[in-house]
Amino acid sequence: MIFMAGQYILGTDIGTSVIKTTLFDLSGDELCSVSRESATAHPRPTWAEQDMAQVWQAAQDTLRRAVLQ
């Protein structure tokens, strides 16, 4: 599905395990949703680390895929 004109709401949730982008119309109806897993390393007990370059790439991927569907 390609949206050529109009106004939409695009939201992205960047969590520690999943990055999700959802596209809505102005009525609040979901048009599409794209998610991608995000790697989290645990080098020590109670520690959690993420590579922010990988997180940014994954976020860009979900945004691109949501807009192009």
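The structure we're discussing is the one just above.
No experiment lies behind these values; they were computed from the predicted model shown. (Residues numbered from 1 in each chain as written. Predicted model: local features only at pLDDT ≥ 70, side-chain atom pairs only at ≥ 80, totals over all residues. Heavy atoms only, no water.)

A. Spatial organisation of the side chain of Thr22. Relative to the elements of secondary structure, Thr22 occurs in strand β2 (residues 18-25). Take Thr22: its relative accessible area is 8%, and that puts it in the buried class. A distance of 3.2 Å separates a polar atom in the side chain of Thr22 from a polar atom in the side chain of Ser33. When residues no more than four places from it in sequence are discounted, the contact partners of Thr22 are Ile9, Leu10, Gly11, Glu30, Cys32 and Ser33. (Helix = DSSP H or I, 4+ residues; strand = E, 2+ residues; numbered from the N terminus. Buried < 20%, exposed > 50% of the residue type's maximum accessible area, 1.4 Å probe, protein only. Polar contact = N/O pair within 3.5 Å; in protein donor to acceptor, adjacent residues only side chain to side chain. Contact = heavy atoms within 4.5 Å.)

B. Structural view of the environment of Asp61. Mapped onto the elements of the fold, Asp61 is located in helix α1 (residues 52-68). Engagement of the side chain of Asp61 in a polar contact is seen with the side chain of Arg36, the distance being 3.4 Å.

C. Local environment of the environment of Phe24. Considering the arrangement of structural elements, one finds Phe24 in strand β2. With 15 residues separating them along the chain, Phe24 and Ile9 place their C-alpha atoms 5.1 Å apart. Ignoring any residue separated from it by four or fewer positions in sequence, one finds Phe24 in contact with Tyr8, Ile9, Asp29, Glu30 and Leu31.

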